[in-house]
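Given next are the chains, with one letter for each unit.
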Amino acid sequence: MFDNLTLARLPEEDEALRPLVRQLAQEAVASLPLDVRARSWSGFDAQFSRKLGQSGLLGLTLPKQYGGGGRGPFARFVVVEELLDAGAPPAAHWIADRQSAPLILNFGTEEQRQFYLPRICKGEALFCIGMSEPGSGSDLASVRTRAERTDSGWRVNGQKIWTSNSLHSDYMIALLRTSGGPDDRHRGLSQLIIDLKAPGVSIRPITDLAGDAHFSEIFFEDVDLPADALIGAEGDGWRQVTAELAFERSGPERIYSSVIVLDGWIAHLRGHGRMDEAAAALVGDFTARLATLRAMSIACTARLAAGESPVVEASIIKDLGTSFEQELPVAIGDDLASHPGEAIDPELYRALAYVTQVAPSFSLRGGTREILRGIIARGLGLR
Ligand SMILES: Cc1cc2nc3c(=O)[nH]c(=O)nc-3n(C[C@H](O)[C@H](O)[C@H](O)COP(=O)(O)OP(=O)(O)OC[C@H]3O[C@@H](n4cnc5c(N)ncnc54)[C@H](O)[C@@H]3O)c2cc1C
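Student: Help me understand the overall build of the protein in this model?
Tutor: Across its full length, the protein carries 13 helices and eight strands. Its C-alpha atoms give the protein a radius of gyration of 21 Å, within 12% of the compact-globule value 21 Å for 383 residues. The principal-axis extent of the C-alpha atoms belonging to the protein is close to 70 × 45 × 40 Å. Looking at the protein residue by residue over its 383 residues, the buried ones come to 53%. Summarising the internal contacts of the protein: among those between residues at least 6 apart in sequence, 75% fall at separations of at least 24.

If you want it as structure tokens, here you go:
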């Protein structure tokens, strides 16, 4: 198993992107308080995404002929790491850049590539992912929302839920049932691109615990799609989605969700001149885990760069990474609470309160911990 995650280095030419993206990220967050930066990858700013696009920092993994950077996943790693580290808002381009574009490149038709990819690279076509449904979250094979063939294309009926950024997206790539029933499990599922402005689509935002409405439920009532809405082969949706999830589960986004709070807390310790044994041990623990997870994530990126689909390795990184992200605000909260005499900067307090509220979702979004452990157990030959 561990032979599959050989240590890798970020290539020099991709490291060279760091100063530019760092500068843009710093400009974007200059006036943002810590608790807004703590939104991490939920932070939405379409104008910032377009600026990244104009600077050649989106679509880095796509071929130049489609407006991409002609590079590989390492380049994207550097950009994502810098954005999250600064707390700059990537949500507008996030899903298109990470998942939709590679999916369209790998499985789409030439017409689809030419139509969507250049706009994704400019930050002008925003995508969301419609996998989950009420009753079909972990158990995606039970998806019920149906696309039926018509004379001119497809007709969609059903409902999706928890769809991040759907309120502001242009398109959804939906996992839909095109044949059979839920009993067929993995067969009969297909991926279709839905224009969210099409008649029959209605979107209702869901407000989360922290008061943000970054995801929604979406209803489809006799939504007519053209024939070329299908991505890849009909009935191949399950295989395509599995490959897509390896991109979703292994990147820096599974490590950096709470990092703003870590920065704020270390600044707090410095400000109060405190580095007692307990605080030093905690800083050391976090730093060592962050460094190890980052090395694992880079090693997994090397597998993606080699054109492989490291599903099990990505699951290990997501499981360990989200545990780290969830334990961090708890430990920092405990540390601050055990020093009641220290004044806490209100920004740090609000950032910690926000991350504490949303942290339970870290191990849900992108596939729950229990599901990942099932995948890992199967990969290890244990089930
Ligand atoms: C912040 C956030 C953003 C999201 N964004 C999106 C999005 O953009 N698009 C999208 O499609 N979805 C999105 N989701 C949905 C997310 O992918 C699902 O919530 C997740 O897959 C779990 O599905 P569920 O909520 O239906 O829980 P369920 O599947 O009902 O699971 C409930 C519990 O049972 C456990 N469980 C279920 N099956 C098994 C099993 N076989 N073995 C062991 N334990 C099991 C689960 O681990 C979990 O603890 C988002 C969720 C969150 C929290």
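Next, the rest of the story.
Student: Any chance you could explain the pairing of strand 3 (residues 153-164) here in plain terms?
Tutor: The two faces of the sheet receive side chains in turn, since in a regular strand these alternate between them. In this sheet, strand 3 lies alongside strand 2 (residues 146-149) in antiparallel orientation, the contact comprising four bridges. Its bridge partner lying in strand 3, alanine 147 is registered against valine 156. The loop that links strand 2 with its antiparallel partner strand 3 comprises three residues. Taken together, the nine bridges between strand 3 and strand 7 (residues 215-226) define a ladder with antiparallel strand orientation.

Student: Teacher, can you tell me more about the site of the ligand here?
Tutor: Around the ligand, the structure places 17 residues, and the nearest of them are Ser132, Ser138, Trp162, Thr368 and Glu370. Between the ligand and glycine 137, the relevant distance is 3.5 Å, taken from an oxygen atom to a main-chain nitrogen or oxygen of the residue. The separation between an oxygen atom of the ligand and a polar side-chain atom of glutamate 370 is 2.6 Å. Taking 970 Å² as the accessible area of the ligand by itself, protein coverage stands at 62%. Of all the secondary-structure elements, those providing two or more residues to the shell around the ligand are strand 3 and helix 13 (369-379). Counting residues per element, the shell around the ligand draws most heavily on strand 3, which supplies three residues.

Student: When you look at the pattern of salt bridges in this model, what are you seeing that I'm missing?
Tutor: Pairing between side chains of opposite charge can happen when their charged atoms approach one another. Under the defined criterion, the tally for this structure stands at 27 salt bridges. A salt bridge links glutamate 308 to arginine 303, with the shortest nitrogen-to-oxygen separation between them at 2.3 Å. Residue classification places glutamate 308 among the partly exposed positions, given a relative accessible area of 37%. Its salt-bridge partner being arginine 373, residue aspartate 319 comes within 2.9 Å of it at the nearest N-O pair.

Student: Quick question: what am I supposed to make of helix 7 (residues 110-121) here?
Tutor: Given 3.6 residues per helical turn, the α-helix brings residues three or four places apart onto the same face. Between its first and last C-alpha, helix 7 extends 16 Å over twelve residues, near the 16 Å set by a 1.5 Å rise per residue. Those residues of helix 7 that are buried are in contact with helix 4 (46-54), helix 6 (91-107), strand 1 (127-130), strand 4 (171-177), strand 5 (189-195) and strand 8 (230-231). Phi for glycine 123, located one or two positions after helix 7, is positive at around 75°.

Student: For this particular structure, what's the right way to read the packing of helix 2 (residues 18-29) against helix 4?
Tutor: Two measures define how a pair of helices packs: the angle their axes make with one another and the distance between the axes. At their nearest, the axes of helix 2 and helix 4 sit 11 Å apart, and the two run at 160° to each other. Considering their axes alone, helix 2 and helix 4 lie roughly antiparallel with respect to each other. In the packing of helix 2 onto helix 4, the handedness of the crossing is right-handed. Counting all contacts with helix 2, which are made through Leu24, Ala25, Glu27 and Ala28, the residues of helix 4 involved are Phe48, Lys51 and Leu52. Considered class by class, the residues forming the contact of helix 2 with helix 4 number five nonpolar, no polar and two charged.

Student: Explain the nonpolar core here, please?
Tutor: Residues Ile104, Leu117, Phe127, Ile193, Trp265, Phe286 and Ile332 are the most contacted members of the largest nonpolar core, which totals 58 residues. The leading source of residues in this core is helix 6, at seven residues. What isoleucine 104 contacts, discounting residues up to four positions off in sequence, is Gln112, Arg113, Tyr116, Leu117, Phe127, Ile173, Ile193 and Ile231. In terms of nonpolar packing, the next biggest core, distinct from the first, is built from 20 residues, Phe48, Leu52, Leu83 and Ile298 among them.

Student: Even after reading the chapter, I still don't get the side chain of aspartate 14, so can you show me in this structure?
Tutor: Within the element layout of this structure, aspartate 14 appears in helix 1 (residues 12-15). For aspartate 14, a relative accessible area of 6% translates into the label buried.

Student: Mind showing me how you'd approach the packing of aromatic side chains here?
Tutor: For any pair of aromatic rings, geometry is given as the distance between the ring centres together with the angle between the planes. A complete count under the given rule lists eight aromatic pairs for this structure. On the basis of an interplanar angle of 35° and a centroid distance of 5.8 Å, the ring pair of tryptophan 41 and tryptophan 94 is categorised as tilted. With tryptophan 41 in the loop between helix 3 (34-37) and helix 4 and tryptophan 94 in helix 6, this pair connects stretches of sequence that are 53 residues apart. The exposure class assigned to tryptophan 94 is buried, which follows from its relative accessible area of 2%. On the numbers, 6.2 Å between centres and 75° between planes, the contact of phenylalanine 286 with phenylalanine 324 is edge-to-face. On the criterion of sequence distance, the pair formed by phenylalanine 286 in helix 10 (residues 277-305) and phenylalanine 324 in helix 11 (residues 311-337) is long-range, its members being 38 residues apart. Neither residue differs from the other here; phenylalanine 286 and phenylalanine 324 are each classed as buried. Positioned above the aromatic ring of tyrosine 354, the side-chain terminus of arginine 39 is 3.7 Å from the ring centre. Above the face of the phenylalanine 115 ring, arginine 119 is positioned so that its terminal group lies 4.4 Å from the ring centre.

Rules used in this analysis
- Sequence positions are assigned chain by chain, starting from 1 and proceeding in written order.
- The predicted nature of this model means local features are confined to residues of pLDDT at least 70 and side-chain atom pairs, given and counted, to a pLDDT of 80 or more, with totals for whole chains, interfaces and linings taken over all residues.
- The side-chain values count all of the structure's non-hydrogen atoms but skip hydrogen atoms and water molecules.
- The numbering of helices and of strands both runs from the N terminus, where a helix is a DSSP run of H or I of at least 4 residues and a strand a run of E of at least 2.
- Computation of the radius of gyration draws on C-alpha atoms, with the globule rule given as 2.2 Å multiplied by the number of residues to the power 0.38.
- For the exposure calls, accessible area comes from a 1.4 Å probe over protein chains only, and a residue counts as buried if that area is under 20% of its type's maximum, exposed if over 50%, partly exposed in between.
- What makes two residues a contact is simply this: any of their non-hydrogen atoms within 4.5 Å.
- Strands are labelled as partners when DSSP assigns at least two bridges between them.
- For this purpose, a residue is taken to be near a molecule or strand whenever a single non-hydrogen atom of the residue falls within 4 Å of it.
- Any pair of N or O atoms that falls within 3.5 Å is considered a polar contact. Within protein, one atom must be able to donate a hydrogen and the other to accept it, and sequence-neighbouring residues count only if both atoms are side-chain atoms.
- Accessible areas in this description were obtained via Shrake-Rupley with a 1.4 Å probe; residue shielding takes into account the shown protein chains only.
- Counted as salt bridges are all cases of a side-chain nitrogen of Lys or Arg within 4 Å of a carboxyl oxygen of Asp or Glu.
- Given the number of residues in a helix, its expected span is that number minus one, multiplied by 1.5 Å.
- What counts as an axis is a line fitted to C-alpha atoms, over the stretch in contact for a helix, and the angles between N-to-C directions run from 0 to 180 degrees.
- Roughly parallel refers to an angle under 35 degrees, roughly antiparallel to one over 145, roughly perpendicular to one between 65 and 115, and oblique to any angle outside these ranges.
- For any pair of crossing helices, the crossing counts as left-handed if the nearer helix is rotated counterclockwise from the farther one by less than a right angle, and right-handed if it is rotated clockwise.
- Charged residues are taken to be Asp, Glu, Lys and Arg, nonpolar residues to be Ala, Val, Leu, Ile, Met, Phe, Trp, Tyr, Cys and Pro, and polar residues to be all remaining types, Gly included.
- The set of buried Ala, Val, Leu, Ile, Met, Phe, Trp, Tyr and Cys residues whose side-chain atoms join them within 4.5 Å is what this entry labels a nonpolar core.
- Between 30 and 60 degrees the pair is tilted, below 30 it is stacked and above 60 it is edge-to-face, where a pair is any two Phe, Tyr or Trp rings, Trp via its six-membered ring, whose centres lie within 6.5 Å.
- Geometrically, a charge over a ring is one whose NZ (Lys) or CZ (Arg) sits within 6 Å of the ring centre while staying within 35 degrees of the ring normal.

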